[in-house]
Each structure stands twice: as C-alpha cells, then as structure tokens.
Amino acid sequence: MIKISNLNSFYEMYKNPTYSIGNWNIVNNKEYNKYKNKVNIISANYYSVAVNSKPNSLEESLLKTNQIIVNCETKNKYISIKYNPNFILTAISDTEYGMIGKEITLLAIKNAKDLTLNKQTPRFKEILKVLGWKISQKAYSNLLEQMNFN
C-alpha cells in the first residue's frame, strides 16, 4: 500500500526525475540506487494476475489488467517484481519467509504522454534494463518457457 504522504513525492519524482530510463521515470531514487547493478537473478518464476472484479472505469481497467509477477532469487535475496504497462513495483527480502509480509515499493512509472495510460505490457528484459538488474541465461530461458506455457 502506498502511503498518502508519499504521493506528492512520487508525483514530483515523476514530473522531475533524477533518472529516466527509456520511457520510464524512477520515482524512488534511494531504492533504485541501492540495488542498481547489484542484482543478478539466478532463478525466476512467472505469474500472471487475473482480476475478477469489474472495473469502475477504463483507467481502473488498465491499471488492474496485464499485471505480471516474477518471483526471483539471487544468491542472497528473494525478490518479487510486479509490473504492468504503467508501473514497476518490487519487494526484496533476505529470507523467503520474509517475503510473506513484505511491503512492495513503487520504483518506476511509465512516462505517459498527454496523461493517457499505456496499454502494452513491457517485456521482462525491458523491466530488468530499467531496474539495472541482470538475469542468468538459464533463469531467463526457464522464465520464457513458463510465460509461453501460460
């Protein structure tokens, strides 16, 4: 859950980003800098998110659909990456058990021209590029198999 007090700072970071990668604006510099170029994923599992509730508007529909979750492991971290066409969120823990109650962190927002929401789900490689993370070839091949199976 995003705290209301953080909304203004996220909006300011979105409008005047320190980091802009492709069409993505980083809105949490502290978290971004903490893990940029320091994460090498060795295992990853894919999940798509199905939302059963009826959206109240087109915007709500775009926000709730096309969500992907990739749970990853590095040598010493457990990571959950949740993304859709407009947002990238992460949760990182030292233990697998620690992921249960871990809060997610909003890391990046897709730069929207004329304030319209994006509809096309980005490829996972694009997400990794924005985060500044790497994935082993074996983990990526396994992830692609899972994505094609679903």
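Our subject is the structure listed above.
It should be emphasised that the depicted structure is a prediction, and the values quoted were computed from it without experimental measurement. Each chain carries its own residue numbering, running from 1 in the direction its sequence is written. In keeping with the model being predicted, local features are shown solely for residues with a pLDDT of at least 70 and side-chain atom pairs are shown and tallied solely at 80 or more, while totals for entire chains, interfaces and linings include all residues. As a rule here, side-chain values cover all heavy atoms of the structure and leave hydrogens and water aside.

**Student:** I tried to follow the side chain of Asn28 on my own but got confused; where do I start?
**Tutor:** Labels follow the DSSP assignment, with helices taken as runs of H or I lasting at least four residues and strands as runs of E lasting at least two, numbered in each case from the N terminus. Structurally, Asn28 can be placed in the loop between strand 2 (24-26) and helix 2 (29-35). The buried category is assigned to Asn28, whose relative accessible area is 18%. Pairing of N or O atoms within 3.5 Å defines a polar contact, subject to two protein rules: one partner must be a possible hydrogen donor and the other a possible acceptor, and residues neighboring in sequence count only if both atoms are side-chain atoms. Of note is the side chain of Asn28, whose polar atom sits 3.1 Å from the backbone nitrogen of Glu31. We call two residues in contact when some of their heavy atoms are within 4.5 Å. Setting aside its immediate chain neighbours within four residues, Asn28 contacts Thr105, Leu106 and Leu107. Exposure categories follow from relative accessible area, calculated using a 1.4 Å probe and restricted to protein chains: below 20% of the type maximum is buried, above 50% is exposed, and the middle band is partly exposed.

**Student:** Help me out: how do you make sense of the pattern of salt bridges in this one?
**Tutor:** Where charged atoms of side chains with opposite charge meet at close range, the side chains can pair. Counted as salt bridges are all cases of a side-chain nitrogen of Lys or Arg within 4 Å of a carboxyl oxygen of Asp or Glu. The final tally for this structure, using the stated rule, is 2 salt bridges. A salt bridge links Asp94 to Lys77; the shortest N-O distance between them is 2.4 Å. Of this pair, Asp94 sits in the loop between strand 7 (87-93) and strand 8 (105-110) while Lys77 sits in the loop between strand 5 (67-73) and strand 6 (78-83), placing them 17 residues apart in sequence. Among the residues examined, Asp94 registers a relative accessible area of 52% and is labelled exposed. Of the charged contacts, one joins Lys110 and Glu126 as a salt bridge, the two residues approaching to 3.8 Å between their closest N and O atoms. Residue Lys110 is found in strand 8, and its partner Glu126 is found in helix 4 (residues 124-131); the two are separated by 16 residues along the sequence. The partly exposed category is assigned to Glu126, whose relative accessible area is 31%.

So, to be careful, I would describe these as geometric facts and stop short of saying anything about function.
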